[in-house]
Amino acid sequence: MAKIEKSFESGLHAEQLSGRTQQIFFSAEEGENFFYPYNAFEVDFNNKAEFDAKDLNNKEINLKIRELMKEDHGHIVLKNPMAKHSVGVGILNRLRLDIEGSLGYFGCGLIDGPNIRISGRVGWSCAENMMSGTLVVEKNAGSTFGAAIRGGDLVCKGDVGSRTGIDMKGGTIIVGGRTGTLSGFMMQRGRMIVLGDAGPNLGDSMYDGTIYVGGKINSLGVDAVHGEMTELEAAWIDRKLALYGLEAPNGAANLQKIVAGKQLWNYDNLEPSEKKIVL
Amino acid sequence: MSKKDELVPEDLGTEREKEIGQHIGYRYDVNLVPDYDRLTPFLKKYLEKMQWDDLNWLEDVHMGYEEDRPAVFDRNINGWVTVPEDMDLPDNQQDRDMIARELLIKFQMSQRHPMVVLEETYGKF
């Protein structure tokens, strides 16, 4: 009870907790802005800067990137990242970021807009919760590559570990080599293209989205089923792969397509009203 | 006939679709793959600005409906944003999707966006 009173004091219950509480409309008068009005910088791609991260810790590296963006640098080259964790995170604007070396865990997480190229390898959870932009890893990646990604193109030209694209809700993940066990686990939306082999339990408990595999699939997970390729999506795959200098081993039309069987769907029309009752 | 069989739509094509009673995957709807010939001038400018070769995250944005009104889902506020009643929409999904993308970007980048207030209230940097 004390907690509820506290939340009232902080204004969290100003509106009634049932039904629709607000309606938001687009405005035809909206101007042409191309970057977020918060935590983002308008940068110039032709303004290039380089820095050596050898003697900096991850917080100092991220602050350095932020400072450079604030100074209008739109092209940043980061040298010697030394596989440090959580580097290049939370970038919310356009930027060309070249990372010369390898990253540790949670590299380039929560990004929304930048085009990033990493010349080495990345550890676990690279590009976790990515919203938009492009990220290309030239070598291999660890587990949970692109966990909970919501948008953008995430590319690893080598092999990746297990649980690639776990809980992905949009965007495209491309793996040039093989992917490990439980890839696409609980996938909800988006597309994953694996040009090599896929490990056991591919697409386990996926709700929606599509997985394409060029090599052998060890086994499918619960409710993952084969779908039928269409000419339209083969053309889409060819176009997408070409952007990153990749191509399907036997042509996009011959990729195996995996989708949700939707046997695990237990939603019904009553759900929203049930939620209101709970509230 | 079981209740489930009664609910299976008649136009389902494959055996698997008949078995599970619904279409598999949104990509069966050809209208949902973006037609790049229909990019609006604003979207062309946006892609150029971001230096993206395609629609990137906007490939997943489509015109939907909320309470019988055309609306676009904004992932940044986890809610639908409604298209004003006086705005005319084209009669095909491809053009509607392009307009949805344009409206969404303009809204996300505007000072009216709820994230602006959220950032002012709770932002740490």
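Since the structure is predicted, the reported quantities are computational estimates derived from the model, not experimental observations. (Residues numbered from 1 in each chain as written. Chains lettered and ligands numbered in written order. Predicted model: local features only at pLDDT ≥ 70, side-chain atom pairs only at ≥ 80, totals over all residues. Heavy atoms only, no water.)

(A) Inspection of the pairing of strand β11 (residues 256-260) of chain A at higher detail. All names here are of chain A. By the criterion of burial, β11 is predominantly enclosed, with four of the five residues buried. By the bridge criterion, four bridges tie strand β9 (residues 210-213) to β11 in an arrangement that is antiparallel. Bridge assignment links Ile 211 to a residue of β11, and that residue is Ile 258. Where strand β10 (residues 224-226) meets β11, three bridges bridge the pair, whose relative direction is antiparallel. Across the sheet, Val 225 pairs through a bridge with Val 259, a residue of β11. (Buried < 20%, exposed > 50% of the residue type's maximum accessible area, 1.4 Å probe, protein only. Helix = DSSP H or I, 4+ residues; strand = E, 2+ residues; numbered from the N terminus. Pairing = 2+ DSSP bridges.)

(B) Inspection of the nonpolar core at higher detail. Residues and elements named next belong to chain A. In terms of nonpolar packing, the biggest core is built from 48 residues, with Ile 65, Leu 78, Leu 97, Ile 118, Leu 135 and Phe 145 touching the most fellow members. Per element, the largest residue contribution to this core is four residues, and it comes from helix α2 (residues 58-70). Once residues lying within four places of it in the same chain are set aside, the contact partners of Leu 78 are Phe 51, Ala 53, Ile 61, Ile 65, Val 87, Leu 97, Asp 98, Ile 99 and Glu 100. (Core = buried A, V, L, I, M, F, W, Y, C linked by side-chain atoms within 4.5 Å. Contact = heavy atoms within 4.5 Å.)

(C) Representation of the side chain of Asp223(A) within the structure. Residue and element names in this part refer to chain A. Residue position: Asp 223 is located in the loop between β9 and β10. Of the residues examined, Asp 223 reaches a relative accessible area of 11% and is grouped as buried. A polar side-chain atom of Asp 223 sits 3.0 Å from the main-chain amide nitrogen of Gln 263. (Polar contact = N/O pair within 3.5 Å; in protein donor to acceptor, adjacent residues only side chain to side chain.)

(D) The arrangement of the packing of helix α3 (residues 41-50) of chain B against helix α4 (residues 93-108) of chain B in detail. Residues and elements named next belong to chain B. In the contact formed by α3 and α4, the axes pass within 9 Å of each other and the chain directions differ by 60°. Of the possible angle classes, the one that applies to α3 and α4 is oblique. The chirality of how α3 crosses α4 is left-handed. Judged by residue contacts, Phe 42, Leu 43 and Tyr 46 of α3 engage Met 98, Arg 101, Glu 102, Ile 105 and Lys 106 from α4. In terms of residue class, the contact of α3 with α4 is made up of five nonpolar, no polar and three charged. (Axes fitted to C-alpha atoms, helices over the stretch in contact; angles between N-to-C directions. Parallel < 35°, antiparallel > 145°, perpendicular 65-115°, else oblique. Left-handed = near helix turned anticlockwise from the far one by under 90°. Nonpolar A, V, L, I, M, F, W, Y, C, P; charged D, E, K, R; others polar.)

(E) Highlighting the packing of aromatic side chains. Across all of its chains, the model carries seven aromatic pairs over all chains by this definition. Centre to centre, the rings of Tyr105(A) and Trp124(A) are 5.1 Å apart; their planes meet at 15°, and the pair counts as stacked. Of this pair, Tyr105(A) sits in the loop between β3 (96-100) and β4 (112-118) while Trp124(A) sits in the loop between β4 and β5 (132-137), and the two are 19 residues apart along the sequence. Residue classification places Tyr105(A) among the partly exposed residues on the basis of a relative accessible area of 37%. The class for Trp124(A) is partly exposed, based on a relative accessible area of 49%. Taken together, the aromatic side chains of Phe34(A), Phe42(B), Tyr46(B) and Trp52(B) make up a single cluster linked through ring pairs. A cation over a ring is seen here: Lys106(B) above Phe42(B), with NZ or CZ 4.9 Å from the ring centre. (Phe/Tyr/Trp six-rings, centres within 6.5 Å; stacked < 30°, edge-to-face > 60°. Lys NZ or Arg CZ within 6 Å of the ring centre and 35° of its normal.)

(F) Spatial organisation of α3(B). Among the residues making up α3(B), those that are buried are Phe42(B), Leu43(B), Tyr46(B), Leu47(B) and Met50(B). Here the buried residues of α3(B) occupy an arc of 135° about the axis, which is enough to place them on one side. Pointing more than 90 degrees away from the buried face of α3(B) are the exposed residues Pro41(B) and Glu48(B). Close packing links the buried residues of α3(B) with β1 (44-52) and β4 of chain A together with α4 of chain B. Backbone geometry just downstream of α3(B) places Gln51(B) in the positive-phi region, at approximately 60°. (Arc of directions from axis to C-beta.)

(G) Main features of the sheet that holds strand β2 (residues 69-74) of chain B. Residues and elements named next belong to chain B. With respect to topology, three strands assemble into an open sheet ordered β1-β2-β3, the strand pairing being antiparallel. Lying at the two open borders of the sheet, with one neighbouring strand each, are β1 (64-66) and β3 (79-82). Mean inter-strand twist for the sheet, computed between neighbouring axes without regard to direction, equals 60°. For β2 and β3, the ladder comprises four bridges, and the chain directions are antiparallel.

(H) Expanded view of the confidence of the model for chain B. All names here are of chain B. When pLDDT is averaged across chain B, the result is 80; 74% of the residues are at 70 or more. Put simply, helix α1 (residues 3-6) is where chain B has its lowest mean pLDDT, 43, and α3 is where it has its highest, 96. The low-confidence segment residues 1-9 (pLDDT under 50) makes six contacts with residues lying over four places distant or belonging to another chain. On the interface metric, ipTM, the complex scores 0.87, and its pTM is 0.86. (pLDDT = per-residue confidence, 0-100.)

(I) Representation of the pairing of β9(A) within the structure. Residue and element names in this part refer to chain A. Side chains of β9 alternate between two faces, with Thr 210 and Tyr 212 and Ile 211 and Val 213 buried alike. Note: strand β8 (residues 189-194) against β9, four bridges, orientation parallel. Across the sheet, Val 194 pairs through a bridge with Val 213, a residue of β9.

(J) Examining the side chain of Arg75(B) more closely. Tracing the chain through its elements places Arg75(B) in the loop between β2 and β3. Arg75(B) gets classed as buried once you look at its relative accessible area, which sits at 11%. A polar contact of 2.7 Å, which involves the side chain of Arg75(B), links it to the backbone oxygen of Met131(A). Ignoring sequence-local partners within four residues, the contact set of Arg75(B) consists of Asp112(A), Met131(A), Ser132(A), Arg150(A), Gly151(A) and Trp57(B).

(K) Fine view of the interface of chain A and chain B. Each side of the interface is counted separately: chain A has 56 residues, and chain B has 56 residues. For the pair chain A and chain B, the summed buried area comes to about 5200 Å², and 54% of that belongs to carbon and sulfur atoms. Where chain A packs against chain B, one counts 10 salt bridges. The interface formed by chain A and chain B contains 22 residue pairs in polar contact (both at pLDDT 80 or more). Those elements that place two or more of their residues in the side of chain A that touches chain B are β4, β5, β7 (169-175), β8, α3 (231-243) and β11 of chain A. When residues in the side of chain A that touches chain B are grouped by element, the largest group, six residues, is from α3(A). Grouping the constituent residues of the side of chain A that touches chain B by class yields 19 nonpolar, 19 polar and 18 charged. (Buried area = accessible area lost by both parts, 1.4 Å probe. Salt bridge = Lys/Arg side-chain N within 4 Å of Asp/Glu carboxyl O.)

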